[in-house]
Each structure stands twice: as structure tokens, then as C-alpha cells.
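Residue-level listing of the chains:
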Amino acid sequence: MSQRRTASARRTAARTIALGSGALLFALAMPTTAIAAPRDSCDRRHNITYAKLLECVDLEDVLEHQRAFQKIADNSDDPDYPGSRAAGTDGYADSVEYVAGMLRDARLDVTLDPVEVTVNFPAELRQLTPVAAEYETGVFTGSGSGEVEGTVVPVDINLTDPAASTSGCEAEDFAGVDWSGNADIALVQRGFCNFGDKALNADEAGAEAVVIFNQGNGEDRMELIVANAATLGDGRTVTHSIPVVGASFAQGVALAEEGATAYVNVLPAETRTDYNVIAEVRGRDKDNVVMAGAHLDSVTEGAGINDNGSGSAALLETALSMASMKPHNTLRFAWWAAEEQGLVGSASYVEKLSQAERDRIALYLNYDMVGSPNYVQMVYDADQSTWEAPVVIPEGSTAIEDLFESYYTSIGVPYDDAEYSGRSDYQAFIEAGIPSGGLFTGAEVVKTPEQATIWGGTAGESFDPCYHQACDDIDNLALDALDVNSDVMAFAMLTYAFSTESVNGVKGRPVPGPAFELPAPAGARGTFAEAAGGGGLEHDHGHDHDTTG
């Protein structure tokens, strides 16, 4: 189905900027009065000043894209995953058509970059004894296929509080068990190491299937876990020869009963072609490319309006509002395919670039979940002031963090650090040595009372209670966070459109219009302890690209 509309039809009536707390503070801080211009006026003019651009990147326009994503999901009757925008489905294809159509209508240079994606079909997990039950499940990335009915063998699991677990992390965990039968199902608990290592150890021990169940050491580790078992702890990738499926903690407890038997069925996966959407605004300097991206796909459970319709919609509105400008540096916007399958689209894109093309990219900005309903405003911690990064951080990334933080400071919005983990679409860029940064408002980590005092919301609930669930719909957004972060994204893109000197030393020129002096960053609020998990993101959270247990 086509979701395209002409630019002039997008918005014709004048609107005032939404009066969320962040937006109101920003209006007071701007050098000109921030009254939203008519949409067609924004589409026609060169939005080359901060005031002009930020009055055009309007919350209502961002929400218009969000509603389109919701409609796409609602209308999708994909035979396997209806109601979603997941990679490989009709819903994703229609999302690509919508985004690409809007960009083309705005006369951006648009490329559809083909990506091979893996589609796993719905799996079956049934317990046969000592109770009979059918369990909701899903297929881990990297799983093999097959049908297995047999004995469940618990592997070094720990069901007692606090459920600390290294289950399946070592080959020795599988020792002392006779795996010579033709229907042994290894029961492995989440915790400590990569899911890929757990599954590989089970495979090599002789198991015919693996069930990985959630850890049970907190409210956010009770539900069904389905993630990435294709990546090993040493960075290698693997495809297992046996089925690997997920289960909840309660299901794991039931399957761990003495004498348990079960049935597992995973159909062979299918390879399909999806597309990254790439759009460019050419600048005077063609060899200094400022790039920003957001993943366009949802999980199979639903529409994915926060994850990651929020980043996709705000980035789309930024691109449309900058379409007619003449920047100094070249601007490139990307909407990635199959992030939920393991950062597939962004990794494919960077891999295909020559070294000369990689060297042209001055920096990359990543926006994955910027409107979480119980949010904390966070910036990737490039200077490691809170989190020791598990990856090599390219030089220049700290300057990107400083820009985001200074903007938040200028409008009086408190912020905190998110771990610079590389566990979103910026991973391939930092591995290529490209300076990167980004924003994040939290996923499944539970909000503390201190955080609720600072940012509002509800202590004791996840930053996104609908994370990777069907309820991640158009009502699953904090509009004030989405409003502020849409402005932050536009501000950063305009800043770097004219100079990336602070990041890579390449001189540009000042942004046209009245100067906008940024204060020094006020500093992260420091509300995360090491045990809190990556600044709103568990070290093995439910994204399929998450690898650790």
C-alpha cells in the first residue's frame, strides 16, 4: 500500500509549538519567537538557522509519521507476523515505501540499499510431562531448524533468589550428562555470557535442541526472552545446527521439574530482501559527510511505535525540514533494516563501503528509542564518566556527547549517561573508526525513585513497560520527551551541517543567523549504578541484536 503524500499536503495550517516542559523552555531560550510556521512554508524555505529549523521540526508533524507507522502495522495482514513492521514482512516493506515516498516528495536524493534478512517463522514449545502446557516462544537469531520431542536436561541453572547464573557459559557445564540420545533438550538460563556461547556449547555437547529461559532475578527478567544467539563472546558469528528457542522464567521453572519432557519445533528460516532507506542533501563539501540514522523495523510482536518509530519519525521530520537547505557539509540520513535481527542493515551498509567512502563520513548519530513513556533523557557516554565502555570509542565521539549535553543544559532539561556499548546501529560505524554518539530514553530497566523525582514518571516500572510487546503502539509515548529530543536531533544535525571541526578537525563555517551560544554541559545526574544495566538498557536486553545472557 502507498502512504505517500505530496509535500504541500503534509501540513497547511499554522500551529503553535507543543507546550511540553522541554519545548517551552526551548522557546524561551531561542533568540527569536518560536511560532510554528505553516508546513508548506517549512517545506519551501531554506531552514538554515536554528530558529527556522526548530520551529519547523514540530511535534505534531513527528506524530503524523508515528500515526502513519501505526496505520501501516494495523493494515498489515502478513501471513506470519500481522500487525507488525518487522523485517521481512509486508509491514516493513510499507514502512520503507512511506519513508522513501516522503523523502522523494521533498526532493531529497533517495537510495534503497538492499539487505538480505532472515525470517524465522513462529516456533512451537510444548511441555509434555509432568504437566501438559503450550508455551509462547520465539526463535533466537542463529538458530537451526528441526523438530525434537524428548527429555529436558537442566544445565547448571539457579532458580533461587537472586538467581545468579552462568548456565551454559562453559563447556564444562554440560559435562557429566549423557547427551548421546537422539532427543535431548538442553534447558539453559539467561545470565553472564553471550547467548551464542550457551547455544554453541549445547550444540557441541550433543543436545538436539536448546531452550533459553529468562533469569528471574528481577521484574524485568521474568518474561519471555528471545534475542541473538548468532554472536559469540569473541565476536565471531555462528549458525547453530539445532533449534534454539526462548522461554519465560516461570516456564523455565516448570521445564526444570524432574522428569520433564518437551516438544520443540523450528521451521527452516527464509532469506528475503529488505532495504535500508538512504537520503542525502548534498553540501559544498562532498568529502565531509554528516550521517544520522534510526532503525525502521519493529519486533514481530507489534507496531514498534517507540522502538523505533520514535527515532525514525523524528529523523524523518528533521530530514524533510532540511531538504531545501544548502549546507556546507553533505548530510546523509538512514533508516535501517533488520536492527532487531542483529544490526543487520547498518552492518551491511558499512561493510559495503570502500575505505575511501568510510573516510568521507565525519560522524554518525544514532537515535534508537527517544520517546519512552517512563523515560530518562540519556546521552551515549563517550567520555565514560559513568560507564566503562566495552568497546573502543573513536576519537571525536566525546565532542558529540558534549554537544547533546550542552543543548539539554541550555534548555534546562536534566540528563544522564547511557552506556557506550555499541549495541545499536552505531556499532558498525565505531568499528570502522567513525566518531559516533546518540540519544536514548530507556527500555526494560526499572525506574528508581530518584529518577522519578528528576524526570517524573513512575518508580518501580520499566522506562518502557511495553518494550518489545504488542502494546508498543501510538499510545506508548512520552510526548514531552519526543518533543525535546526531536529538537535536539535537529539542532545537532544543523550544527554539524556547517562544521564538524570539534569532532574531526575539519573546519567549516558558522551556522547562519543569530549565534546560539551553548553553555558547558551541566553534567550527568549519576542515577545509574553499575548493576542498573547500561543506562536504561540491560546488557542482554530483548533486542535480537543483544547477545549476552
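The structure under discussion appears in the preceding block.
Residues numbered from 1 in each chain as written. Predicted model: local features only at pLDDT ≥ 70, side-chain atom pairs only at ≥ 80, totals over all residues. Heavy atoms only, no water.

In this section: the overall build of the chain. Within the chain one finds 16 helices and 15 strands. The buried share among the 549 residues of the chain stands at 62%. Residue pairs at least 24 apart in sequence account for 81% of intrachain contacts in the chain once pairs closer than 6 positions are excluded. On the chain, roughly 19800 Å² of surface is accessible, and the fraction owed to carbon and sulfur atoms is 49%. (Helix = DSSP H or I, 4+ residues; strand = E, 2+ residues; numbered from the N terminus. Buried < 20%, exposed > 50% of the residue type's maximum accessible area, 1.4 Å probe, protein only. Contact = heavy atoms within 4.5 Å. Areas by Shrake-Rupley, 256 points an atom, 1.4 Å probe, with all protein chains shown as cover.)

Turning our eyes to something else, we now look at the packing of aromatic side chains. If you walk through the whole model with that rule in mind, you get 20 aromatic pairs. Taking 6.4 Å as the distance between ring centres and 55° as the angle between the ring planes, the aromatic pair formed by tryptophan 336 and tyrosine 364 counts as tilted. Of this pair, tryptophan 336 sits in strand E11 (residues 329-336) while tyrosine 364 sits in strand E12 (residues 361-367), and the two are 28 residues apart along the sequence. Both residues of the pair, tryptophan 336 and tyrosine 364, belong to the buried class. (Phe/Tyr/Trp six-rings, centres within 6.5 Å; stacked < 30°, edge-to-face > 60°.)

In this section: the packing of helix H5 (residues 59-75) against helix H15 (residues 479-498). Interaxial distance between H5 and H15 falls to 10 Å at its minimum, and their mutual angle equals 110°. One element, H5, and the other, H15, form an angle in the roughly perpendicular class. Side by side, H5 and H15 meet where Leu59, Val62, Leu63 and Gln66 of the first sit next to Leu479, Leu482, Asp483 and Ser486 of the second. Classifying every residue of the contact of H5 with H15 gives five nonpolar, two polar and one charged. (Axes fitted to C-alpha atoms, helices over the stretch in contact; angles between N-to-C directions. Parallel < 35°, antiparallel > 145°, perpendicular 65-115°, else oblique. Nonpolar A, V, L, I, M, F, W, Y, C, P; charged D, E, K, R; others polar.)

Our focus in this paragraph is the side chain of asparagine 476. In this fold, asparagine 476 is placed in the loop between helix H14 (449-455) and H15. A polar atom in the side chain of asparagine 476 sits 3.0 Å from the side chain of aspartate 464. Aside from chain neighbours lying at most four places away, what touches asparagine 476 is Asn306, Gly371, Pro373, Asp464, Cys466 and Cys471. (Polar contact = N/O pair within 3.5 Å; in protein donor to acceptor, adjacent residues only side chain to side chain.)

Take the sheet that holds strand E14 (residues 416-418) next. Pairing in this open sheet of eight strands is mixed, and the strands run E1-E9-E11-E10-E12-E15-E13-E14 from one edge to the other. A single partner strand is all that each edge strand has here, and the edge strands are strand E1 (109-119) and E14. The average angle at which neighbouring strand axes cross in this sheet is 25°, direction not considered. Two elements, E12 and strand E15 (residues 436-440), share four bridges in a ladder whose sense is parallel. Counted as the bridge partner of asparagine 366 is glycine 438 from E15. Helix H10 (residues 344-352) contacts E1, strand E9 (270-281), strand E10 (285-295) and E11 of the sheet and is inclined by roughly 120° relative to E1. Most of the contacts of H15 go to E11, to which it runs at about 145°, and overall it touches E10, E11, E12 and E15. (Pairing = 2+ DSSP bridges.)

On to unusual backbone geometry, then. Of note, the amide linkage connecting threonine 129 to proline 130 takes the cis form, showing an omega dihedral of -5°. Residue placement: proline 130 occurs in the loop between strand E2 (124-129) and strand E3 (133-135). Here aspartate 307 and asparagine 308 are connected by a cis peptide whose omega angle stands at 5°. In this model, aspartate 156 sits at a positive phi of 50°, which is unusual for a non-glycine residue. By the element assignment, aspartate 156 lies in the loop between strand E4 (146-154) and strand E5 (184-189). The phi dihedral of alanine 163 falls on the positive side, at around 60°, and the residue is not glycine. Mapped onto the fold, alanine 163 is located in the loop between E4 and E5.

Below, the discussion takes up the state of the cysteines. Taken as a whole and assessed by the stated rule, the structure comprises three disulfides. Here cysteine 42 pairs with cysteine 56 through a disulfide, and the sulfurs are 1.9 Å apart. Across the S-S bond linking cysteine 42 and cysteine 56, the dihedral sits near -85°, which makes this disulfide left-handed. Note that cysteine 42 is positioned in helix H3 (residues 39-44) and cysteine 56 in helix H4 (residues 50-56), a separation of 14 residues in sequence. For cysteine 42, a relative accessible area of 2% corresponds to the buried category. Each sulfur in the disulfide pair cysteine 169 and cysteine 193 lies 2.1 Å from the other. Around the S-S axis, the bridge from cysteine 169 to cysteine 193 shows a dihedral of about -95° and counts as left-handed. Here cysteine 169, found in the loop between E4 and E5, pairs with cysteine 193, found in the loop between E5 and helix H7 (195-205); they are 24 residues apart in sequence, far enough to count as distant. (Disulfide = S-S within 2.5 Å.)

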